[in-house]
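Single-letter residue listing:
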Amino acid sequence: MRCEVARVATSQTTPDLDKGLFGIALDAVRTDRLPITAIGHGILQAKSLPKIIALLKHAMEDRISELLAQELVRQNSELKQVSGAANYVSTPVRDKSVTPEKYLNKPVFGHKSIYDDASQNPKEASNRASKRQDCLDTSTEENNEAGLVKIHKKRRLAASERGMGCESMYDSQLPTSLDETELPSTPDKKKQTTQPDTPQNVRVPTIYYGARTHKQLQQVIKEFARTDYCGQLQMTILSSRDYSCVREYDKKTWSSRNDMCRACIKPYTTKSMEQRADSNCKYYDNRASLNHQTLPPAFDLDELVAKGEEIRACPYYAARGMAASAHIVFCPYNYLIEPSIRSSMQIDLSDNIVIIDEAHNIEDICRDAATFTFTRDNIQASIKELELVCGYRFANQDSLRYVEYLLKALKGWDDWFVNQTPLINQKAITGNEATFTWAAENFVQTLNNHNIGQQQYKNFHENAELFCKRLREDPRTLLGVTQATATLIESIDTVLGYLFRCEGKYMDDFTPALVRTVTGPDSFSWRQSQFNKSIEKETLSLRLLCMNPAVVFESLKVSRCIILASGTLTPLISLHSELGTDFPLQVSPNHVIPPDRVWIGSLSTCPGGVRLECSARGAGEARVQDGVGAALRSVCRVTPHGVLCFLPSYTLMNKLVNRWKETGLWDELNELKHVLMEARNARDHSDVMEEYYSSVCGVRGALLLAVYRGKVSEGMDFRDHQARAVVTVGVPYPNTYDMAVKEKMKYNDRYSAQRHLLSSSEWLLVQAYRALNQAVGRCVRHRADWGGVLLIDARFSSPYYTQHLSKWVRNFLGNNHHTFESLENSSNSLESFMQTMTLRDSEDV
Ligand code: SF4
């Protein structure tokens, strides 16, 4: 086993990255709890990722001796540069009375939160740390015979998994019946206990691997299949019914596949709890036949579904079943981050390993997980459904208690909407919305006034848990209740849980807003709306905006370690402050691409020398729009196959296209390339991408106009000729007119000193450059790839604007700044780079 670890660590094609990863494995070997780790590197190759899994797995199963570790570091001097790893192995021989546990069992997650100020009150910080440790360990640690491995026995459902965090006031108040006997919220997930070749009292952790899309997971699984570990370790992949249900879906009968499934599957018969009766779904009845024996050792979602169709077994339930015994569980990362999904998919992170790929979005995902919007219409629809259930008193007698409670609570919410209406009616409408925001404590006061506030939350939570549990496990008893109602109740429960957690400690991390959205005739204006004339339809909604991602990230800390991996994590200062977590181990290797295979330059002028500044104001000018068009034409003329162009918004994209159609430039671009535009909705997007991928292979190639933060800019692979050039236009700052952005900026300015947050302007800068770096990263995808990047904006000729680019982009850019004329004619022109690389390609063939 030890030899295998060493071999994996030294036989990589990307030595910098993999030695960094080996450092993590060493840390895992030397500590029972691996610190939360951030890995930032120039490019993340999918084929390296399974090796993270492999290294961690081995590290957990077998401890490398100190001597072997020291020998490895001696042979690989680069390891000394890896923070954390080298420190351990270079530590002098310790006092024999100090066991490795005592020596290494230091707090790992950084018990300090952004709310704590240890310097002011160290005693309190220390109490908090020990309290948190108690919570994680649940007082049941045991040492094995050799005194090396601790076993962390877990509660069945951690408080944090209910979205409350470890110190929730509700933990101690939940009645025994809720925790122990009646319909617990999350059924027991069978824990892996021991492996055949591991000591009796060692539990091998499960690795949860989250990525943004199933497409990304497919790439990772493909690479996992190429490692020696495939076949030794069992895996599964989780997805929603939308992706994995194989039963024919009748849209006219069911509002969603979830509703159809709930109505089809049948739980235990009432006569015998031991025996399952056949359900209305034959795939469900046959789900057990789709298992690790009938599937290949590594399979992606497509293969799982294809096999399910072939043997007529349900892939959705089969995958969930396999998760109980799998060593590696692949899933979209929101399954790991959102408490409601974790609960419904029975994912228990305690003491397991979490890997989040493409983690540059982690702050946004965490904020979104605790942000919730619902309308008065949603409330009224759910009231109708619950009234129907209450009407069948005899049939639903065992669930009436909590259904009636929830019905009363939803009626309270409906009254709340009615009573808040005067507040919003006084507000002017901008666009088609009027907004009223409260300070969080004032909002909570309005809830208290309607008996749906802090005092009532404990009861609401208990009843919501019972209701959702019943819906999951015995849906026929609540016939007529849709998934929409279940989601509404679960979401209210989750968000209020965050709001009232720890006696309201996190309350000011939320901004509640009442929003009135109106639609009317084309000539509609806010003046008319004030008198309610001409309004055809209006919707009232409540938005509870979470400003602090640490609120959600806190609940992930029950895991043994968390690895955040991305090509664009930097600047890490933002991750520290926003997630309220220290990252003691960070690895940031260089890019894997050799310098002669990438050309990066910036463009600062239009033809004729006019300054080309693509700020929001500048991009509105016709001469700038013409300059961008001319630069794009120049790139398309010299670049073979695919060209991607990223723009700050769909609005600007449409403006540019209209202008170019007027000037004739649109036709010129179409002569050079097949021009496509990124679509806003998912279905059109797949059609556009299909057309693009087929066009890039042709002689003319294709140009795709896309937007930063869109579907093309993240999670899509454009390798080799699919993107030989990337053109970026402007610096993509978030839209400061957006309510969520505006409120976040206010929040950061208010608490920047107290909670060590970035100021609003720094935060905007980080957001802008993450999006920009992400877009640039579409160009070169593996070591043998090549391509050019043109940054269009005069601001890039100033160091202030280039210092925030990824390290590898900065290095390649150097002083390669161009005017329009030098871009076409200098010795270091894009054209000469393209010609050289095309020639090298043809010679290689
Ligand atoms: S049991 Fe499986 S196949 Fe049947 S409806 Fe549900 S998800 Fe679809």
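You'll find the structure just up there.
Residues numbered from 1 in each chain as written. Predicted model: local features only at pLDDT ≥ 70, side-chain atom pairs only at ≥ 80, totals over all residues. Heavy atoms only, no water.

Looking at this structure, how should I read the overall build of the chain?
Scanning the chain for helices and strands turns up 35 helices and 20 strands. Within the chain, the fraction of its 845 residues that count as buried is 57%. For the chain, the share of sequence-separated contacts (at least 6 apart) that also reach a separation of at least 24 residues comes to 78%. Accessible surface, the chain as shown: approximately 36,000 Å² in total, 49% of it carbon and sulfur. (Helix = DSSP H or I, 4+ residues; strand = E, 2+ residues; numbered from the N terminus. Buried < 20%, exposed > 50% of the residue type's maximum accessible area, 1.4 Å probe, protein only. Contact = heavy atoms within 4.5 Å. Areas by Shrake-Rupley, 256 points an atom, 1.4 Å probe, with all protein chains shown as cover.)

Would you take a moment to explain a negative patch on the surface for this structure?
A cluster of acidic residues, Asp684, Asp687, Glu690 and Glu691, forms a negative patch at the surface. Mapped onto the elements of the fold, aspartate 687 is located in helix H29 (residues 682-696). Classification of aspartate 687 as partly exposed rests on a relative accessible area of 46%. (Patch = residues over 30% accessible without salt bridge, like charges linked within 9 Å, V, L, I, M, F, W, Y side chains within 5 Å. Salt bridge = Lys/Arg side-chain N within 4 Å of Asp/Glu carboxyl O. Lys, Arg positive; Asp, Glu negative; His and termini not counted. Charge placed at Lys NZ, Arg CZ, Asp CG, Glu CD.)

So what exactly am I meant to see when it comes to the side chain of aspartate 259 here?
The residue aspartate 259 is located in helix H11 (residues 257-264) in this model. Among buried Asp, Glu, Lys and Arg side chains, aspartate 259 stands out as unpaired, with arginine 262 the closest opposite charge at 4.2 Å. Among the polar contacts made by the side chain of aspartate 259, one reaches the main-chain amide nitrogen of glutamine 483 at a distance of 2.7 Å. When near neighbours in sequence (up to four residues on either side) are disregarded, aspartate 259 contacts Trp254, Thr482 and Gln483. (Polar contact = N/O pair within 3.5 Å; in protein donor to acceptor, adjacent residues only side chain to side chain.)

What am I meant to see in the sheet that holds strand S8 (residues 372-375) here?
Paired through backbone hydrogen bonds, the strands of a sheet run either parallel or antiparallel to each other. Strand order in the open sheet formed by four strands is S8-S11-S10-S9, and the pairing between neighbours is antiparallel. Among the strands making up the open sheet, the edge pair consists of S8 and strand S9 (433-437). Averaged over all neighbouring strand pairs, the angle between strand axes comes to 20°, with direction disregarded. Direction of pairing for S8 relative to strand S11 (residues 537-546): antiparallel, over a ladder of four bridges. Its bridge partner lying in S11, phenylalanine 374 is registered against leucine 542. Each of S8, strand S10 (510-519) and S11 touches helix H22 (residues 483-504); the most contacted strand, S8, lies at about 130° to it. (Pairing = 2+ DSSP bridges. Axes fitted to C-alpha atoms, helices over the stretch in contact; angles between N-to-C directions.)

Would you mind showing me how to read the packing of helix H13 (residues 301-311) against helix H14 (residues 315-323) here?
Helices that pack against each other are described as a pair by the angle of their axes relative to one another and the distance between those axes. Between H13 and H14, the least distance of the axes is 9 Å, while the angle of their chain directions is 120°. In this structure, H13 meets H14 at a crossing whose hand is right-handed. Contacts between H13 and H14 involve Leu304, Val305 and Gly308 on the former and, on the latter, Pro315, Ala319 and Met322. Considered class by class, the residues forming the contact of H13 with H14 number five nonpolar, one polar and no charged. (Left-handed = near helix turned anticlockwise from the far one by under 90°. Nonpolar A, V, L, I, M, F, W, Y, C, P; charged D, E, K, R; others polar.)

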